Amino acid sequence: MPAGGFVTQGGKEYPGKLTPYVLVTCIVGSMGGLIFGYDIGISGGVTSMPDFLSSFFPSVYEKQTADKSTNQYCKFDSATLTLFTSSLYLAALLASLVASTVTRKFGRKLSMLFGGVLFCAGAIINALAQNVAMLIVGRILLGFGIGFANQSVPLYLSEMAPYKYRGSLNIGFQLSITIGILIANVLNYFFAKIHDWGWRLSLGGAMVPAIIIGIGSLILPDTPNSLIERGKRDEAITKLRRVRGVDDVEEEFNDLVAASEASKKVEHPWRNLLEKKYRPHLTMAIMIPFFQQLTGINVIMFYAPVLFKTIGFKDDNSLMSAVITGGVNVLATLVSIYGVDKWGRRFLFLEGGVQMFICQIAVAICIGVKFGVSGNVTNLPQWYAIVVVLFICIYVSAFAWSWGPLGWLVPSEIFPLEIRSAAQSINVSVNMFFTFVIAQIFLTMLCHLKFGLFLFFAFFVLVMSVFIYLFLPETKGVPIEEMSIVWKNHWFWGKYIPDEDLPHAGANLEMGKTKNGLGGTKSVY
Ligand code: BGC
């Protein structure tokens, strides 16, 4: 959607500029994504470092260095090793539920500060770890940090951003996740060369983004919305003027006050969510994050170096390949920032789905042909490994312009205000839960399903693409508070939306149809 194309409910256009002040504020705020990304990217590389493995997971290390005839699919299968990666996400799930209260009652900044402090503590414990228990405790603290940061940062960004730029700034969060992953991949590549203790630098490096977000949270301004929510109206209007760069903010201010009043009347947002008219929203809040993780992306993000080693790369080459996939991830995210409001969400979802499906089948065939079911291979030609990496890169780029950013953007724009925070918590929790599940069972699945693992994810990509085609209306160019029109016009969800919930009269039904094209009309989904 062109930046100037947003109109609010009732056709209002709030004045406001993309001021340097708000830009800097949002850049600092999105550092929360950087921490999340750093964590996603660091663990896979560290768990492939021989020094780290021999110190903490000697049995995995021995299996790995043993006779080449050992089944390649299973050499990394270790429940404790996966627990190292996945424990963080379970902790993040729990913390995000607690964080929703802190964020609401004490402001977004405090949650961000907690995020930074917990993160920093986790990074220090990990860097100094003497045993597996210290490693796990460190990961749990990092997870708590992520829970707080991920709950508050996206909220902070969308409240700060002028509504015209909310889409791009929202994907800015995903961009900083991918940059965090890439930085972690690059650091792993270099730190792996420092023998005995390079992994300590990798794990301790999480302190840097943690300190940035910690200090950032102290100097960042509170959002006007949060100030109003906490009864500080005078401060809120001064802040709103500063953020928008204009004096004429009364209309937006009054609407923020009204929205805050209205949401205070909703006593049971969780119970509300179960009402029939919220069925489409609840479905999306659960299915979108579930499917995002079932693309299998985190198999690559967490375990790329391990995976590349499995297909025969040397230590150094496998870390380098992770750097390459990390770079592709960042660049392809830029494509979605450019295209999401031009081509629409459905187009990106469906194109990404087809591309991921083809690549997963191709990788399954490549690995299946060489490794068979026994997994015994002694000499894999280099060109062959390069072809596999190429397909993995094409797959990662597809994810990075489809399910990656849209998995966060679409849920954040489809919920009506009265259930927005509850539905968003469900979205985050489901995402963290399935991130945990995939991280925990991937190495075991690789051992049992072998090359069929890629067919397993390909199957889910097919299912999710059909789901999007049939059930997700196009939301491009639709003001958030008028989203009910889109659902009303949908061939399947229409019957769930009562007429009285539409923002205003029949004219809007027509508007919804012409505006939304494919995704929003009754005749075509
Ligand atoms: C997902 C993460 C994933 C990352 C990869 C995010 O949108 O939520 O699970 O690791 O994208 O870039």
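The rules we used
Residues numbered from 1 in each chain as written. Predicted model: local features only at pLDDT ≥ 70, side-chain atom pairs only at ≥ 80, totals over all residues. Heavy atoms only, no water. Helix = DSSP H or I, 4+ residues; strand = E, 2+ residues; numbered from the N terminus. Buried < 20%, exposed > 50% of the residue type's maximum accessible area, 1.4 Å probe, protein only. Areas by Shrake-Rupley, 256 points an atom, 1.4 Å probe, with all protein chains shown as cover. Patch = residues over 30% accessible without salt bridge, like charges linked within 9 Å, V, L, I, M, F, W, Y side chains within 5 Å. Salt bridge = Lys/Arg side-chain N within 4 Å of Asp/Glu carboxyl O. Contact = heavy atoms within 4.5 Å. Axes fitted to C-alpha atoms, helices over the stretch in contact; angles between N-to-C directions. Parallel < 35°, antiparallel > 145°, perpendicular 65-115°, else oblique. Left-handed = near helix turned anticlockwise from the far one by under 90°. Nonpolar A, V, L, I, M, F, W, Y, C, P; charged D, E, K, R; others polar. Near = heavy atom within 4 Å. Polar contact = N/O pair within 3.5 Å; in protein donor to acceptor, adjacent residues only side chain to side chain. Phe/Tyr/Trp six-rings, centres within 6.5 Å; stacked < 30°, edge-to-face > 60°. Lys NZ or Arg CZ within 6 Å of the ring centre and 35° of its normal. Core = buried A, V, L, I, M, F, W, Y, C linked by side-chain atoms within 4.5 Å. Expected span 1.5 Å × (residues − 1). pLDDT = per-residue confidence, 0-100.

**Q** Lay out the overall build of the chain with the relevant residues and their values.
**A** Tallying secondary structure elements over the chain gives 24 helices and zero strands in all. Relative to its 525 residues, the chain shows a buried fraction of 59%. When the accessible surface of the chain is summed, it comes to about 20100 Å², and 68% of that surface belongs to carbon and sulfur atoms.

**Q** Account for a nonpolar patch on the surface, naming residues and giving values.
**A** A cluster of nonpolar side chains, contributed by Ile-211, Ile-215, Leu-218 and Ile-219, occupies part of the molecular surface with about 420 Å² of accessible area. Along the chain, Ile-211 turns up in helix 10 (residues 207–219).

**Q** Please give an account of the environment of Leu-182 that cites residues and values.
**A** One can find Leu-182 in helix 8 (residues 166–191). Sequence separation between Leu-182 and Thr-325 is 143 residues, and the spatial gap between their C-alpha atoms is 8.4 Å. Setting aside its immediate chain neighbours within four residues, Leu-182 contacts Val-323, Gly-326, Gly-327 and Val-330.

**Q** Before we move on, could you go through the packing of helix 6 (residues 108–127) against helix 10 and cite the residues and values that matter?
**A** Two elements in contact, helix 6 and helix 10, have axes whose closest approach is 8 Å; the angle formed by their N-to-C orientations is 155°. Compared by their axis directions, helix 6 and helix 10 come out roughly antiparallel. With respect to the hand of their crossing, helix 6 and helix 10 are arranged in left-handed fashion. In contact with Lys-109, Met-112, Leu-113, Gly-116, Phe-119, Cys-120, Ala-123 and Ile-124 of helix 6, helix 10 contributes Met-207, Ala-210, Ile-211, Ile-213, Gly-214, Ser-217 and Leu-218. Across the contact of helix 6 with helix 10, the residue classes tally to eleven nonpolar, three polar and one charged.

**Q** So what's going on with the site of the ligand? Residues and values would help.
**A** Every one of the 13 residues lining the ligand counts as a neighbour, but Gln-174, Gln-292, Gln-293, Asn-298 and Asn-329 are closest to it. Asn-329 places a polar side-chain atom, nitrogen or oxygen, 3.0 Å from an oxygen atom of the ligand. Gly-404 is positioned such that a nitrogen or oxygen atom in its backbone is 3.3 Å from an oxygen atom of the ligand. Notes on the ligand: free accessible area 310 Å², of which the protein chains cover 100%. Only helix 8, helix 15 (279–294), helix 16 (297–310) and helix 20 (403–414) provide two or more residues apiece to the shell around the ligand. Sorting elements by how many residues they give to the shell around the ligand places helix 8 first, with three residues. Along the lines of polarity and charge, the residues of the shell around the ligand split into five nonpolar, eight polar and no charged.

**Q** Residues and numbers for the packing of aromatic side chains, please.
**A** Tallied over the entire structure, the rule returns 28 aromatic pairs. Summarising the aromatic geometry, the rings of Phe-456 and Phe-460 are spaced 5.3 Å apart at their centres and angled 65° between planes, so their arrangement reads as edge-to-face. Of the two residues, Phe-456 and Phe-460 both sit in helix 22 (residues 452–471), four residues apart, roughly one turn of that helix. The class for Phe-456 is partly exposed, based on a relative accessible area of 30%. Ring centres 4.9 Å apart and planes at 80° place the aromatic pair Phe-492 and Trp-493 in the edge-to-face group. Residue Phe-492 is classed as partly exposed on the basis of its relative accessible area of 23%. Note on Trp-493: relative accessible area 4%, which makes it buried. The lysine or arginine in question, Lys-193, covers the ring of Tyr-189, its NZ or CZ lying 4.3 Å from the ring centre. The positively charged end of Lys-342 is found above the aromatic ring belonging to Tyr-338, 4.8 Å away from the centroid.

**Q** I'd like a rundown of the pattern of salt bridges, residues and numbers included.
**A** For the structure shown, the criterion picks out seven salt bridges. Between Arg-230 and Asp-222 there is a salt bridge; the shortest N-O distance is 2.7 Å. The exposure class assigned to Arg-230 is partly exposed, which follows from its relative accessible area of 22%. Residue Asp-222 is classed as buried on the basis of its relative accessible area, which comes to 14%. Put simply, Glu-252 and Arg-244 hold a salt bridge, and the shortest N to O gap is 3.1 Å. The exposure class of Arg-244 is buried, given its relative accessible area of 4%.

**Q** Describe the environment of Thr-82, listing the residues and the values that go with them.
**A** Along the chain, the position of Thr-82 falls in helix 5 (residues 79–106). Residues Thr-82 and Ala-439, spaced 357 residues apart in sequence, show a C-alpha to C-alpha distance of 6.4 Å.

**Q** Before we move on, could you go through the nonpolar core and cite the residues and values that matter?
**A** Phe-52, Phe-57, Met-284 and Trp-403 are the most contacted members of the largest nonpolar core, which has 132 residues in total. A total of 14 residues in this core trace back to one element, the largest contributor, which is helix 21 (residues 417–449). Formed by nine residues, the second largest nonpolar core is a distinct cluster that contains Ala-236, Leu-240, Val-249 and Phe-253.

**Q** Go over the packing of helix 15 against helix 20 with me, naming the residues and quoting the values.
**A** Two numbers describe how helix 15 lies on helix 20: the axes approach to 10 Å, and their chain directions differ by 170°. As judged from the angle between their axes, helix 15 and helix 20 are roughly antiparallel. In this structure, the crossing between helix 15 and helix 20 has a hand that is left-handed. Residues His-281, Met-284, Ile-288, Phe-291 and Gln-292 of helix 15 lie in contact with helix 20, whose contacting residues are Trp-403, Gly-404, Gly-407, Trp-408, Val-410, Pro-411 and Ile-414. Residue composition of the contact of helix 15 with helix 20, by class: eight nonpolar, four polar and no charged.

**Q** Could you give an account of unusual backbone geometry, with specific residues and numbers?
**A** It is generally the case that most residues other than glycine have a negative phi and that most peptide bonds are trans. Unusually for a residue other than glycine, Asp-196 sits at a positive phi of about 80°. By the secondary structure assignment, Asp-196 is in the loop between helix 8 and helix 9 (198–204). Judged by its relative accessible area of 58%, Asp-196 is exposed.

**Q** Could you give an account of helix 19 (residues 382–400), with specific residues and numbers?
**A** Between its first and last C-alpha atoms helix 19 spans 27 Å; for 19 residues at 1.5 Å apiece the expected length is 27 Å, and the two agree. All buried positions along helix 19 are accounted for by Tyr-384, Ala-385, Val-388, Val-389, Ile-392, Cys-393, Tyr-395, Val-396, Ser-397, Ala-398, Phe-399 and Ala-400.

**Q** Pulling in residues and values, what's your account of the confidence of the model for the chain?
**A** With 86% of its residues at a pLDDT of 70 or more, the chain shows a mean pLDDT of 82. Mean pLDDT across the elements of the chain bottoms out in helix 24 (residues 507–516) (42) and peaks in helix 22 (96). A low-confidence stretch, residues 1–10 stays under pLDDT 50, and its non-local contacts, those more than four residues away or across chains, total 29 contacts. In this model, residues 505–525 is a region of pLDDT below 50 whose contacts with residues beyond four sequence positions or in other chains number 46 contacts.

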